[in-house]
Amino acid sequence: MTRRLAQVAKKVGVSEATVSRVLNNKPGVSEATRQSVLSALDVLGYERPTQLRGERARLVGLVLPELQNPIFPAFAEVIGGALAQQGLTPVLCTQTKGGVSEADYVELLLQQQVSGVVFAGGLYAQADAPHDHYRQLADRKIPVVLVNAAIEHLGFPAVSCDDSVAVEQAWRHLASLGHERIGVVLGPADHQPSLRKLTAARAAAKAGGGELPDEHVARAMFSLEGGQAAATRLLERGVTGIICASDPIALGAVRAARRRGLEVPGEVSVVGFDDSAFMNCTEPPLTTVRQPIEAMGRAAVELLALQIGGSSAPTEELLFEPELVVRGSTGQAPRA
């Protein structure tokens, strides 16, 4: 206890007696000093005394599934900046394979008495994944916002890019170029954004007077290697246009085509999703569907700030319109 008092006092620049008065909820300390002491406890990793735990820190957890996909650092930059403008400090929590899990991060954030949590990609999008840690947050009445499609019944505010519109745009683009054998590379079968994309792809095919056969649907991990493996299967089945659920998957599809001696876009056209950093610098530059990251990130923080301020936030999902960005990876369908 004495060591803790000394560390906190040094961090804040006050006496140990002042820290003791704050920890024991005694009078005689200014509100500014009191808040500084409580913040120092959070930063140093100490639990607040029981009687003070109802007062949360000005910290917000930002939980991401990875940083290798450039879309997640982009979201982190926007959300982190918007949080700072609200006087909130983001705590970045990035999962690693075999490392700290999403549930572990939630436990750590609860210990730090965070004001809220923003999830940008996570297990909430997978129906078959564990969701107990989300219920734990709900039970503790911690403000939460989810970015991109979640399973039903979690009850948190959410902001999403409209996956259906994204696929419609990509499908119409490829169809306008004469492609008739179009395939899609999606995430796991229980992944909600991928389910929405699949439904939209089937509807788009039907609207064009055709159908999307099951052999033209491939599943992949959200990585370049996963995209390459899935696209290879589609190319073996004769597709000439491939719509992908992420930009890294699309880059894998381009590699798959080249490994088979096929030209992109001369013989195979590829469309990504996200328009993450440097997609205009690839060879060829990637045609993709852009997520409105800036608008989505700021909306997520506004919804969180409403909850932190004691107001209710709408639980209906806010859908944001994507934008097709045509570059060099799509072209006229090859003549039969």
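Below: a short report on this structure. (Residues numbered from 1 in each chain as written. Predicted model: local features only at pLDDT ≥ 70, side-chain atom pairs only at ≥ 80, totals over all residues. Heavy atoms only, no water.)

## Concerning helix α6 (residues 132-139)
Logical step 1: Inspection of α6 places His-133, Tyr-134 and Leu-137 among the buried residues, and these make up the whole buried set. Considered in projection along α6, the buried side chains sweep an arc of 105 degrees and stay on one side of the axis. Set apart from the buried face of α6 by more than 90 degrees, the exposed residues are Asp-132 and Asp-139.
Logical step 2: Buried residues belonging to α6 abut α5 (102-111), β3 (116-120) and β4 (144-147).
Logical step 3: Two residues or fewer past α6, Lys-141 is found with a positive phi of approximately 60 degrees. (Buried < 20%, exposed > 50% of the residue type's maximum accessible area, 1.4 Å probe, protein only. Helix = DSSP H or I, 4+ residues; strand = E, 2+ residues; numbered from the N terminus. Arc of directions from axis to C-beta. Contact = heavy atoms within 4.5 Å.)

## A look at the sheet that holds strand β2 (residues 89-94)
Logical step 1: Taken in spatial order, the 6 strands line up as β2-β1-β3-β4-β5-β11 in an open sheet, and their pairing is parallel. Sheet topology places β2 and β11 (318-320) at the edges, where each strand pairs with a single neighbour. Neighbour-to-neighbour, the strand axes of this sheet turn through a mean angle of 15 degrees, independent of strand direction.
Logical step 2: Alignment of strand β1 (residues 59-64) against β2, held across 6 bridges, turns out to be parallel. Within β2, the residue paired with Leu-64 across the bridge is Thr-94.
Logical step 3: Docked against the sheet, helix α11 (residues 293-308) engages β1, β3, β4, β5 (158-161) and β11, running at close to 165 degrees with respect to β4. (Pairing = 2+ DSSP bridges. Axes fitted to C-alpha atoms, helices over the stretch in contact; angles between N-to-C directions.)

## With respect to the nonpolar core
Logical step 1: In terms of nonpolar packing, the biggest core is built from 90 residues, with Phe-119, Val-147 and Ile-242 touching the most fellow members.
Logical step 2: Looking at which element gives the most residues to this core, the answer is helix α4 (residues 71-85), with 8 residues.
Logical step 3: Leaving out residues up to four positions away in the same chain, Val-147 has contacts with Phe-75, Ile-79, Val-118, Phe-119, Ala-120, Gly-121, Tyr-124, Val-159, Met-296 and Ala-300.
Logical step 4: Of all hydrophobic cores here, the second largest spans 12 residues; its members include Leu-5, Val-8, Val-22 and Leu-41. (Core = buried A, V, L, I, M, F, W, Y, C linked by side-chain atoms within 4.5 Å.)

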